[in-house]
Amino acid sequence: MKADRNFENIDAKLASSSQKAIQQVVESLPEDTLSMAWRSSLNERLIAESAAYKPRLRFSWFAAPAAGLAVAAVLAVAVFVHPPTAPNTLVKGDSRVVASAGSVEIGLLDTYRQESVSHEIVGSGPDPSAEVSHPSIADVATDSDGSEVDPESL
Amino acid sequence: MEVCIGTNILSGRQYDAIESSLVDRCRRRDMEAFGKLVDAYQNRVFGFVRRMINNPEEAADVTQDVFVRAFQSFDRFDGRSSLRTWLFRIAYNLCIDRVRRSDRRVTEVALVEPGEEGETMEVADMRWQPEQIALDDELMGVVEEGILSMSEKLRSVLLLHDKEEMAYEEIANLLDVPIGTVKSRLFLARAHLQNVLKTYLEARA
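Residues numbered from 1 in each chain as written. Chains lettered and ligands numbered in written order. Predicted model: local features only at pLDDT ≥ 70, side-chain atom pairs only at ≥ 80, totals over all residues. Heavy atoms only, no water.

1. Digging into the overall build of chain B
What chain B contains, in helices and strands, is nine helices and two strands. Counting from the amino terminus, helix and strand elements in chain B follow one another as β-β-α-α-α-α-α-α-α-α-α. Counting the 205 residues in chain B, one finds 52% classified as buried. Pairs at least 24 apart in sequence give 69% of the contacts found in chain B among residues at least 6 apart. Of the roughly 10500 Å² of accessible surface on chain B, 46% is carried by carbon and sulfur atoms. (Helix = DSSP H or I, 4+ residues; strand = E, 2+ residues; numbered from the N terminus. Buried < 20%, exposed > 50% of the residue type's maximum accessible area, 1.4 Å probe, protein only. Contact = heavy atoms within 4.5 Å. Areas by Shrake-Rupley, 256 points an atom, 1.4 Å probe, with all protein chains shown as cover.)

Next comes the structure, spelled out in structure tokens:
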């Protein structure tokens, strides 16, 4: 309350004619001007300051690609040192495994298994290097007894 | 508020928009933009500094320091205060540093309570009619001397309010003091200047 009254008091005093007159006197003081030489000197100082910031800007174009390369290098090292491993055991008929592993990998594994099994059975099994004779279209068109076969009846 | 830049008189809103774009460019260390800022404020900052430091050559150096400091630290200007307030804060701090460093003796007025001096303020004096006084060079010299004979605290508030037309809030923000302190300092500064002028006029009469 007392503080408010003091504020009002000081506001009233600042608004008095004598105080306003002094305000006008101060306001009418002449404007100062600086010489061109002063400005030229300031410009030189500012250019020197600006040059101090230039090296930072000169390397800024290099910073972003370098950071990208560094990230790529880290990823490459991580992939080569700890390569992603495929599941070791595959259970046939397990749809989850089939879904998780790629079909190409499963095909390759099946081929490998079949090949290894064929090598284990001695004397039996087809020789992969032997030529297999396929019946020609002419053979299919004629029956065993040599009579003509009607294709429509098949 | 109307501001004159070059030959153009701008409204407050137009000026704010121009200042905002100028600040953005200055943050990117655009020399041309900073040059415009210097053009707009160099004489006002110099006027303030020259009256804070009683040495025109030193004041010119300090004014350069103000703009160099502003250029260096523009990225720290957060825009909470106006550009003018920020520049004058730098100027004020540099002036105070310079004044403290130089062992200058200034006749300071005592900080008395406004109420004590207020009683003598309203005494009618027919010789003291400021509106009729021609502000010639001699009188201006007396006013300048009167301003210089104040403490830095009073002088800064008087110059910022009456010469730079800053609001109380803006000055309080700039000097980091309460508004009440700004008002009481302004009152005391004007009262001191009034006494100086009264003494001069009495001596002349």
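2. As for the interface of chain B and chain A
Interface extent is often summarised as the accessible area lost during association of the parts. Listed per partner, the contact involves 50 residues of chain B and 31 residues of chain A. Buried surface at the junction of chain B and chain A, summed over both partners, amounts to about 3800 Å²; 62% is from carbon and sulfur atoms. Together, Gln64(B), Lys163(B) and Arg190(B) form the three largest contributors to the area buried by chain B at its contact with chain A, with a combined 17%. Between the two partners, chain B and chain A, sit five salt bridges. Among the salt bridges present, the one from Arg45(A) reaches Asp65(B), with a minimum N-O distance of 3.0 Å. Broken down by element, the side of chain B that touches chain A gets its largest block of residues, 12 residues, from helix H2 (residues 31-52) of chain B. (Buried area = accessible area lost by both parts, 1.4 Å probe. Salt bridge = Lys/Arg side-chain N within 4 Å of Asp/Glu carboxyl O.)

3. Things to note about the nonpolar core
Among the nonpolar cores identified, the biggest contains 71 residues, and Phe34(B), Leu37(B), Phe48(B), Val49(B), Phe67(B) and Phe74(B) are the most heavily contacted of them. By residue number, the principal contributor to this core is helix H4 (residues 83-101) of chain B, which donates 11 residues. Not counting the four nearest positions on each side in its chain, Phe34(B) is found in contact with Leu46(A), Cys26(B), Phe67(B), Ala70(B), Phe71(B) and Phe74(B). (Core = buried A, V, L, I, M, F, W, Y, C linked by side-chain atoms within 4.5 Å.)

4. Describing the confidence of the model for chain B
Residue and element names in this part refer to chain B. Confidence in the prediction of chain B, expressed as mean pLDDT, is 81, and 76% of residues score 70 or more. Element-level mean pLDDT values for chain B span from 45 in helix H5 (residues 114-121) up to 95 in helix H7 (residues 152-163). Long-range and interchain partners of residues 1-7, a stretch whose pLDDT sits below 50, account for 13 contacts in this model, where long-range means more than four residues apart. In the predicted structure, residues 106-124 sits below a pLDDT of 50 and forms 34 contacts with residues beyond four places in sequence or in another chain. At the level of chain-chain contacts, confidence expressed as ipTM amounts to 0.75, with global pTM at 0.61. (pLDDT = per-residue confidence, 0-100.)

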